[in-house]
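Coordinate inspection notes
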Amino acid sequence: MHAGDRQHYLIGLGSNMRHVRHGSPAQIVRKAIERLDAASGCTVEAMSDIIRSAPVGPSAREYANAACLVGCDLSPTAMLAHVNAIEHAFGRRRSGQRWRQRTLDLDILLWSGGSHADSDLLIPHPQLPHRAFVLGPAAQIAGEWRDPLSGLSLRHLHARLTRPRPLPR
């Protein structure tokens, strides 16, 4: 990648904890999107609705989830550092149990450069095809974007998870 090449990232956002300064989970998601838009030459080009979803794992608190499309000049590794710094600024500490309640979770879901793999980051996000609470907002703003591994659009992946299934006979 050359300096100045505009990249696009699909970012998933989630929160299920109030924050003293930032407010409710939905307010935290909105403020995190503003932070993504305000730093490192990034521009939020589209934002989904914020939805409510059931928790995954041991947390009992409902989540506020959304997705946004971000354009910037950052490499995947630099974008990961950027989203981790935003999580940290919102009080996220990466220690202890997976899937516990958190103030803010930002995930790089897709990247315009296709797939990326290193010891710290996998793009597309490995859980993307299995999470309706991520695919719903993502498909709302980037429904035709294709998962580079399966070749399926986000809209198709979301439909696979959410379409009604016939009852067993």
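Residues numbered from 1 in each chain as written. Predicted model: local features only at pLDDT ≥ 70, side-chain atom pairs only at ≥ 80, totals over all residues. Heavy atoms only, no water.

The cut-off we apply is this: UniProt positions are given in the numbering used here, feature names are shortened, and annotations may be inferred rather than shown by experiment.
The chain is annotated in an unreviewed UniProt entry as 2-amino-4-hydroxy-6-hydroxymethyldihydropteridine pyrophosphokinase from Croceicoccus marinus. The heading Pathway (unreviewed entry) in the UniProt record of the chain holds the text "Cofactor biosynthesis; tetrahydrofolate biosynthesis; 2-amino-4-hydroxy-6-hydroxymethyl-7,8-dihydropteridine diphosphate from 7,8-dihydroneopterin triphosphate: step 4/4." Database annotation for the chain, UniProt heading Sequence similarities (unreviewed entry): "Belongs to the HPPK family."

1. What to know about helix H2 (residues 76-89)
Using the following cut-off: We count a stretch as a helix when DSSP gives it H or I for four or more residues in a row; a strand needs E for two or more, and each element gets its number in order from the N terminus. To estimate how far a helix should reach, multiply one less than its number of residues by 1.5 Å. Any residue under 20% of the maximum accessible area for its type is buried, any over 50% is exposed, and the rest in between are partly exposed; the area is computed with a 1.4 Å probe on protein chains only. Arc definition: it is the arc formed by the directions from the helix axis to the C-beta atoms. Contact criterion: two residues are considered in contact whenever any of their non-hydrogen atoms come within 4.5 Å of each other.
For H2, spanning 14 residues, the distance from its first C-alpha to its last is 20 Å, which sits close to the expected 20 Å at 1.5 Å a residue. Among all positions of H2, only Pro76, Met79, Leu80, His82, Val83, Ile86 and Glu87 are buried. Along the long axis of H2, the arc covered by the buried residues comes to 160°, so they all point the same way. Where the residues of H2 are buried, they touch strand E1 (7-15), helix H1 (25-38), strand E4 (63-72), strand E5 (105-111), strand E6 (116-117) and strand E7 (122-123). Among the residues trailing H2, Gly91 stands out with phi positive, at a value near 95°.

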